[in-house]
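Fold and geometry: a report
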Amino acid sequence: MRLLVFAFFILIFIAVYGSAHWPLYHLVVRSFAPSTPWSHAVRAFFALSGLLFFLVRFTPLDWKPLAVWADTWFGIVFIAFTAWLLLLAPTLVWRPQARGFDIAALALTTLVSLFALVHNALPPRVKIIDVSIPGAPSMTVAQLSDIHLNRWTAPGRVDTIVERTLAAKPDLVAVTGDLVDERDGGLDFLLPSLQRLRAPLGVWAVPGNHEFYSGVDQAADLTTRAGFRWMRNERT
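Criteria and thresholds
Residues numbered from 1 in each chain as written. Predicted model: local features only at pLDDT ≥ 70, side-chain atom pairs only at ≥ 80, totals over all residues. Heavy atoms only, no water. Patch = residues over 30% accessible without salt bridge, like charges linked within 9 Å, V, L, I, M, F, W, Y side chains within 5 Å. Areas by Shrake-Rupley, 256 points an atom, 1.4 Å probe, with all protein chains shown as cover. Salt bridge = Lys/Arg side-chain N within 4 Å of Asp/Glu carboxyl O. Buried < 20%, exposed > 50% of the residue type's maximum accessible area, 1.4 Å probe, protein only. Helix = DSSP H or I, 4+ residues; strand = E, 2+ residues; numbered from the N terminus. Pairing = 2+ DSSP bridges. Core = buried A, V, L, I, M, F, W, Y, C linked by side-chain atoms within 4.5 Å. Contact = heavy atoms within 4.5 Å. Arc of directions from axis to C-beta. Phe/Tyr/Trp six-rings, centres within 6.5 Å; stacked < 30°, edge-to-face > 60°.

Examining a nonpolar patch on the surface
Residues Phe6, Phe9, Phe212 and Tyr213 make up a contiguous nonpolar surface patch of about 360 Å² in total accessible area. Since its relative accessible area comes to 35%, Tyr213 is described here as partly exposed.

Considerations on the pairing of strand β3 (residues 203-206)
A one-sided burial pattern is seen for β3, the buried positions being Val203 and Ala205 and the unburied ones Trp204 and Val206. Across four bridges, the pairing between strand β2 (residues 172-176) and β3 is parallel. Across the sheet, the residue bridging to Ala174 is Trp204, located in β3. As judged from the two bridges shared by β3 and strand β4 (residues 229-230), these two strands associate in the parallel manner. Bridge pairing in β4 links Trp204 to Arg229.

Brief notes about the nonpolar core
The biggest cluster of nonpolar side chains holds 25 residues, and the ones touching the most others in it are Leu149, Val173, Val175, Leu194, Leu197 and Phe228. Listed by contribution, the elements that provide at least two residues to this core are β1 (141-144), α5 (155-167), β2, α6 (191-194), β3 and α8 (216-225). In terms of residue count, the dominant contributor to this core is α8 (four residues). With near-sequence residues (within four places) excluded, Leu194 lies in contact with Leu149, Val158, Leu222, Ala226 and Phe228. Core analysis: the second largest hydrophobic core is formed by 17 residues, Phe46, Ala80, Trp84 and Phe101 among them.

Points about the pattern of salt bridges
Two side chains bearing opposite charge may form a pair once their charged atoms approach each other closely. A complete count under the given rule lists five salt bridges for this structure. We note a salt bridge from Arg196 to Glu163, for which the minimum N-O separation is 3.9 Å. With a gap of 33 residues between them, Arg196 in the loop between α6 and β3 and Glu163 in helix α5 connect regions that are remote in the sequence.

Description of the sheet that holds β1
Within a sheet, each strand pairs with its neighbour through backbone hydrogen bonds, oriented either parallel or antiparallel. The four strands are arranged β1-β2-β3-β4 in an open sheet whose pairing can be described as parallel. Each end of this open sheet is capped by a strand with a single partner; those strands are β1 and β4.

Details of the environment of Leu4
Assignment of secondary structure puts Leu4 in helix α1 (residues 2-32). Leu4 sits in the exposed class, given a relative accessible area of 60%. Through-space distance from the C-alpha of Leu4 to that of Gly18 is 21 Å; in sequence the pair is 14 residues apart.

So, the side chain of Asp178
Structurally, the position occupied by Asp178 is in the loop between β2 and α6. Ignoring any residue separated from it by four or fewer positions in sequence, one finds Asp178 in contact with Asp146, Ile147, His148, Gly208, Asn209, His210 and Glu211.

Let's talk about α8
Those residues of α8 lying buried are Val216, Ala219, Ala220, Leu222 and Thr223. The buried residues of α8 all sit within an arc of 165° when viewed along its axis, so they share a single face. Residues of α8 that are buried sit in contact with α6, β3, α7 (209-214) and β4. After α8 finishes, the residue Gly227 shows a positive phi value of roughly 95°.

Some details on the packing of aromatic side chains
Under the criterion given, the structure shown has 21 aromatic pairs. Between Tyr17 and Phe78, the aromatic rings sit 6.0 Å apart at their centres with planes inclined by 15°, giving stacked as the arrangement. Note that Tyr17 is positioned in helix α1 and Phe78 in helix α3 (residues 64-88), a separation of 61 residues in sequence. Members of the aromatic cluster, connected to one another through ring pairs, are Phe9, Phe13, Tyr17, Phe53, Phe54, Phe74, Phe78 and Tyr213.

Shown next, in the form of structure tokens:
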């Protein structure tokens, strides 16, 4: 039953991801490659870029530039889809020229995509939130989420996250899902960095959806060997 549910999810995901390509393809072809030879080339480029997202996850394909492009393309597609929807709404009451609409949508997509790429390359941002709970002892909790470790993650990036966390001197560290994003394991090279993450009340981790996509047992094994307290359908 679980396999059937997962297969259904994959089919829905493929349908949504494939459909999300249409606005970007339509904008690019209509604006810059209206001739038949160019439109064929663009169509092939879109198809290959879209397939890469699945190839780097479900095949032995192990070349970092392709993996980076697959994830980058995934983001660009949905940014373009969102930009298209945002700019489409005003056209219900205002009819701009098609080329003007296309250029605006592509410009918005480019700007947001560049911002996302730069933001992703920067070290993670530390956000401090004060929460007052009457009767509760004063303590510092560091929450880490959506780190998405994979075979291409640089140990230096993990070291930066650990160092920034330790600098806050937390009493407890909570890793709230999507720590890993690697289907075939192979993350032992990051263990030395993860094992440096410590707190007086412990480091606690729970699975997110990507742990289940990647293999929840593998994620549990990695976090346990890193010295984290793994929790699944538990409370303490």
